[in-house]
Amino acid sequence: KLKADPSLAAATVEEILRFESPVAITNRGISEEREVGGCPMHVHQSVITSLHAANRDPEIFEDPDRFDITRKHVPHVAFGGGSHICIGAPLARIEAKQALVRLFERFPDLHLAGDEPTWRALPFFRGMEALVVAGDLLMGLARRHGATLLPVDSEHSAIFQCLCGGGGQRVRRLILTASGGAFY
């Protein structure tokens, strides 16, 4: 849908953030006596909240376990909220929107080529380890940027691995095939 209609880029970013929030859990201190869902909470008590669960709340989001970039916008808490909202959220949204639009402009035949993404095992954050995609221009791009191509294994000599470095939440590996490619 996004390739066919780039105007969906902002909605796609918001749905990605809702569906696969970068922060899994957070904690807060209770500042005043209150009750939430029948559970009493006391001043200075520490509470752990699941942002993933909040972003999949069926009382807030219709069919919350379905990824839908045409979903009617309902605010999510992927970057927290209120005085605790991530200061980098606006920049992250701008960068993600531009990256998606440019990615499909540059690689119009880009498509998923593998199974579900592989996620890093991090305690509080969600980071993608690998996502396999394919597209005819990927191999040329990797060579143009000086990627070091190494065979992954002897049985699949047409598959190469490019170690791209990087840290943090970035996707770190690039897999290319002779017919087009797949990158991690």
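Residues numbered from 1 in each chain as written. Predicted model: local features only at pLDDT ≥ 70, side-chain atom pairs only at ≥ 80, totals over all residues. Heavy atoms only, no water.

A. Representation of the nonpolar core within the structure. Formed by L2, L8, A9, V13, L17, I69, A78, F79, A89, L100 and V101, the largest nonpolar core amounts to 11 residues. At the level of secondary structure, the elements contributing two or more residues to this core comprise helix 1 (9–19) and helix 3 (89–106). Beyond its immediate sequence surroundings of up to four residues, V13 is in contact with R93, A96, K97 and L100. (Core = buried A, V, L, I, M, F, W, Y, C linked by side-chain atoms within 4.5 Å. Buried < 20%, exposed > 50% of the residue type's maximum accessible area, 1.4 Å probe, protein only. Helix = DSSP H or I, 4+ residues; strand = E, 2+ residues; numbered from the N terminus. Contact = heavy atoms within 4.5 Å.)

B. The side chain of R18, seen in detail. For R18, the location among the structural elements is in helix 1. Judged by its relative accessible area of 2%, R18 is buried. When residues no more than four places from it in sequence are discounted, the contact partners of R18 are N55, R56, F61, P64, R66, R71 and H76.

C. Here's a closer look at a nonpolar patch on the surface. Side chains of L122, F124 and F125 sit close together on the surface and give an oily, nonpolar patch of about 280 Å² of accessible area. Its place among the elements puts F125 in the loop between strand 6 (118–119) and strand 7 (128–130). (Patch = residues over 30% accessible without salt bridge, like charges linked within 9 Å, V, L, I, M, F, W, Y side chains within 5 Å. Areas by Shrake-Rupley, 256 points an atom, 1.4 Å probe, with all protein chains shown as cover. Salt bridge = Lys/Arg side-chain N within 4 Å of Asp/Glu carboxyl O.)

Coordinates in, geometry out; function isn't part of it.
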